[in-house]
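Chain and residue survey
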Amino acid sequence: MARDGPPLVAIVGRPNVGKSSFFNRLLHRRLAIVEAVPGLTRDRLEAACEWRGRTFTLVDTGGLVLGKTQGLTASVRRQTEHAIADAALVLFLVDAKAGLTPQDAEIADVLRRQGRAVLLLANKADDAAAELNAAEFHTLGLGDPMPISATAGRGIGDLLDAVVAALFGAGAPAGAAGREPEAGDSAPVRIAFLGRPNVGKSSLVNALLGQDRVVVDEQPGTTRDAIDTALTYDGRRVVLIDTAGLRRRTRVVESVEYYSTRRTHQALVRADVVVLVIDAREGITDQDQRIARTAYEAGRGIVVAVNKWDLLRGYSVEQVQRVAQRQLRFLAAVRVCPTSAVRREGIGALMEAVFHTAAVRASRIPTGPLNRALTQAAAAAAPAADSRGHRLHVYYATQPESEPPTIVLFVNDPRLMTADYQRYLERRIRDAFDLAGTPIRWTLRGRRPPETARTSE
Ligand code: GDP
Ligand code: GDP
């Protein structure tokens with residue numbers, strides 16, 4: 001570490017994982033200026049990089065070729081140790097296409113023992129399918145692998161954010177701890193108010209628009225006829241979907257069928273969160289259930305507004321919430337909010353529920369906590385063996401996508417998963433990460449056990 005100037009970031013990895021390609025990708029993006037520095041034993045390539053106003057020096061160890069006569073293990077070690085000797089951060093590249101190899105495990109060993117700060121990069125994750133393979137490198141014990149593609153240029157910006165965060169800490173972009181919002185915080189939450197005629201959708205939307213904390217984006221001359229309404233609520237951006245009819249007091253009267261089918265469907269596919277408005281006196285009808293189910297299957301978040309609360313006598317909020325949640329059991333702990341549009345009550349709590357649901361729907365659970373939760377779930381209730389004595393094994397899980405959260409489970413044989421056990425796992429994941437009101441999608445993949453699991457036995 002006896003070195004002045006910008007911190008050193010070393011790229012390490014076994015041959016052919018794409019270290020040079022990665023280095024070149026940064027040059028290509030004009031993020032770096034290369035200078036060849038005569039090293040002790042041979043030249044190594046260094047590049048001064050700048051990202052978000054921070055500078056660091058990237059060192060490529062791609063020029064260090066393994067000697068044919070030397071033992072593989074020894075030379076891999078030497079290369080790695082040499083490269084990381086004075087690095088503040090190590091970028092450890094692995095090959096997502098080739099999968100985990102014993103050499104990767106050896107390099108990981110060295111890095112762990114030296115206690116270096118490491119970012120694990122699963123290169124050659126050229127597309128979403130290849131990205132899934134990145135998950136197995138989690139077993140290296142160096143944190144969440146970040147999928148990148150040096151040749152396709154995927155994930156490079158996120159990676160550089162992570163490098164800057166690791167080197168410069170506070171003020172730099174957030175790292176992998178806790179839940180990561182997928183889109184930028186500035187993306188508006190798109191909300192559709194749906195429900196049967198006369199439950200109070202227009203009244204609720206107008207009550208919302210009348211709140212002090214709402215600033216409507218007025219576009220002169222167009223707003224009254226615009227289909228959607230853009231606004232900020234306590235400074236957060238919101239788009240209300242298909243409010244053309246709802247904002248006008250004198251509405252075009254539409255048939256029940258029209259409203260409940262085509263229009264509803266069009267609105268919900270454009271929404272992040274559907275507010276299902278019901279009339280407190282009537283409860284949840286078959287038609288409400290259908291809307292909720294359609295929205296859920298379309299991957300939307302859901303919040304229930306029990307409107308006309310002022311007209312309901314003799315029931316507690318908790319009672320009504322329990323009944324609604326039971327009737328909408330498939331929605332999994334959906335938020336149920338009492339509102340009164342005419343008294344302008346409950347609107348704030350409703351919006352908080354909407355923001356919360358939008359946030360969990362957009363969240364990405366890091367691989368570590370996700371796998372810990374699944375391991376605990378499997379320990380608390382192991383899958384039963386089938387009639388032939390075969391038993392499901394869950395190796396690891398990852399959440400490659402959000403909006404809605406999509407979890408990929410790598411198991412020994414997907415056919416051994418039962419609907420009951422999957423529901424059980426989903427319940428545990430929901431509890432662990434507070435995923436109320438958002439659908440969760442599951443994908444099962446058959447896999448051999450990961451290599452490190454076998455070699456470490
Ligand atoms: P190094 O030995 O680690 O420096 O690896 P190279 O950069 O020479 O890459 C080895 C091979 O992997 C080359 O054929 C590259 O074109 C290929 N490669 C590198 N990065 C990627 C990638 O992101 N996607 C794919 N599909 N191939 C890559
Ligand atoms: P929409 O067809 O779902 O848009 O329903 P409207 O907003 O047009 O409301 C239908 C009727 O219910 C109107 O007469 C409203 O005044 C009334 N209404 C709406 N919300 C409430 C509420 O919270 N309490 C009471 N008492 N009446 C309401």
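If you're wondering where the values come from, they're calculated on a predicted model, not measured in any experiment. (Residues numbered from 1 in each chain as written. Chains lettered and ligands numbered in written order. Predicted model: local features only at pLDDT ≥ 70, side-chain atom pairs only at ≥ 80, totals over all residues. Heavy atoms only, no water.)

**Observations regarding the site of ligand 2**
In plain terms, the rule: The cutoff for a nearby residue is simple: one of its non-hydrogen atoms must lie within 4 Å of the molecule or strand. Here a polar contact means two N or O atoms within 3.5 Å. Within protein one must be a hydrogen donor candidate and the other an acceptor candidate, and residues neighboring in sequence count only if both atoms are side-chain atoms. Here the open area of atoms and residues is found with the Shrake-Rupley method and a 1.4 Å probe, where only the protein chains shown may cover a residue. Note on conventions: DSSP H or I runs of at least 4 residues are helices, E runs of at least 2 residues are strands, and numbering of each starts at the N terminus.
Inspection of the region around ligand 2 gives 16 residues, with Asn-198, Lys-201, Ser-202, Ser-203 and Ala-341 positioned closest. For ligand 2, an oxygen atom lies 2.6 Å from a polar atom in the side chain of Ser-203. In this structure, a nitrogen atom belonging to ligand 2 sits 3.0 Å away from a side-chain N or O atom of Asn-307. Considered on its own, ligand 2 offers 570 Å² of accessible surface; in the complex 76% of this is hidden by protein. Among the elements that make up the shell around ligand 2, the one with the highest residue count is helix H6 (residues 201-209) (three residues).

**With respect to the environment of Asp-86**
This is how the line gets drawn: Only protein chains enter the accessibility calculation, which uses a 1.4 Å probe; a residue is then buried when its area is under 20% of its type maximum, exposed when over 50%, and partly exposed in between.
Checked against the element boundaries, Asp-86 lands in the loop between helix H2 (72-84) and strand E5 (89-95). Residue classification places Asp-86 among the partly exposed residues on the basis of a relative accessible area of 24%.

**Things to note about the nonpolar core**
Using the following cut-off: For this analysis, a nonpolar core means a set of buried residues of the types Ala, Val, Leu, Ile, Met, Phe, Trp, Tyr and Cys, connected via side-chain atoms within 4.5 Å.
By size, the foremost hydrophobic cluster in this structure holds 29 residues, and its most contacted members are Ile-191, Phe-193 and Leu-240. At the level of secondary structure, the elements contributing two or more residues to this core comprise strand E9 (189-194), H6, strand E10 (214-216), strand E11 (229-233), strand E12 (236-241), strand E13 (273-279), strand E14 (301-307) and helix H11 (347-361). Considering each element in turn, this core owes the most residues, seven residues, to H11. Membership of the second largest hydrophobic core comes to 28 residues, among which are Ala-192, Ala-271, Val-306 and Ala-324.

**Looking at the site of ligand 1**
Rule in force here: Three classes are used: nonpolar for Ala, Val, Leu, Ile, Met, Phe, Trp, Tyr, Cys and Pro, charged for Asp, Glu, Lys and Arg, and polar for all others, with Gly counted as polar.
Around ligand 1 there are 14 residues in total, and Asn-16, Lys-19, Ser-20, Ser-21 and Asp-126 lie nearest to it. Here a nitrogen atom of ligand 1 sits 2.6 Å away from a polar atom, N or O, in the side chain of Asp-126. Within the backbone of Ala-150, an N or O atom sits 2.9 Å from an oxygen atom of ligand 1. A per-class count over the shell around ligand 1 returns three nonpolar, seven polar and four charged.

**Re the side chain of Arg-196**
By secondary structure assignment, the location of Arg-196 is in the loop between E9 and H6. In this structure the side chain of Arg-196 is engaged in a polar contact, spanning 3.3 Å, whose partner is the side chain of Thr-285. Side chain to side chain, Arg-196 and Asp-288 meet in a polar contact 3.4 Å long.

**Observations concerning the sheet that holds E11**
Our working rule: For two strands to be treated as a pair, DSSP must find at least two bridges joining them. In this description, a line fitted to the C-alpha atoms serves as the axis of each element, helices being fitted only across the stretch in contact, and the angle between N-to-C directions of two axes falls anywhere from 0 to 180 degrees. Note on contacts: a residue pair qualifies if any of its non-hydrogen atoms lie within 4.5 Å across the two residues.
Taken in spatial order, the seven strands line up as E10-E11-E12-E9-E13-E14-E15 in an open sheet, and their pairing is mixed. Single-partner strands in this sheet number two, and they are E10 and strand E15 (335-338). Ignoring which end each strand starts from, the neighbouring axes of this sheet average 30° apart. Two elements, E9 and E12, share four bridges in a ladder whose sense is parallel. Within the sheet, the bridge partner assigned to Ile-191 lies in E12 and is Leu-240. Against the sheet, helix H9 (residues 286-297) makes contact with E9, E13 and E14, and its axis sits at roughly 175° relative to E13, the strand it touches most.

**Some points on the pairing of strand E18 (residues 406-411)**
Spelled out, the test is: The path from the first strand over the helix to the second decides the hand: if it runs clockwise while the strands point away from the viewer, the crossover is right-handed.
Of all six residues making up E18, six are buried, and the element is well covered by its neighbours. Residues Thr-406, Val-408 and Phe-410 line one face of E18 and the alternating positions Ile-407, Leu-409 and Val-411 line the opposite face, and both faces are buried. Examined bridge by bridge, strand E17 (residues 394-401) and E18 share five bridges and lie antiparallel to one another. Note on E18: the bridge partner recorded for Glu-401 is Thr-406. The hairpin formed by E17 and E18 contains four residues between the paired strands, and Glu-403 there has a positive phi angle of roughly 55°. In terms of strand pairing, E18 meets strand E19 (residues 441-446) through six bridges, oriented parallel. Considered in E19, the bridge of Val-411 is made with Gly-446. Following the backbone out of E18, through helix H13 (residues 419-433) and into the adjacent parallel E19, one traces a crossover that is right-handed.

**Quick look at the packing of aromatic side chains**
Definition in use: Pairing of aromatic rings covers Phe, Tyr and the six-membered ring of Trp, with a centre-to-centre limit of 6.5 Å; geometry is then stacked below 30 degrees between planes, edge-to-face above 60, and tilted otherwise.
Per the counting criterion, the structure on display carries three aromatic pairs. Ring geometry for Tyr-396 versus Phe-410: centroids 4.6 Å apart, planes at 35°, classification tilted. With a gap of 14 residues between them, Tyr-396 in strand E17 and Phe-410 in strand E18 connect regions that are remote in the sequence. Each member of the pair, Tyr-396 as well as Phe-410, carries the same accessibility label: buried. Consider the rings of Tyr-421 and Tyr-424, whose centres lie 5.5 Å apart with planes at 40°: the pair is tilted.

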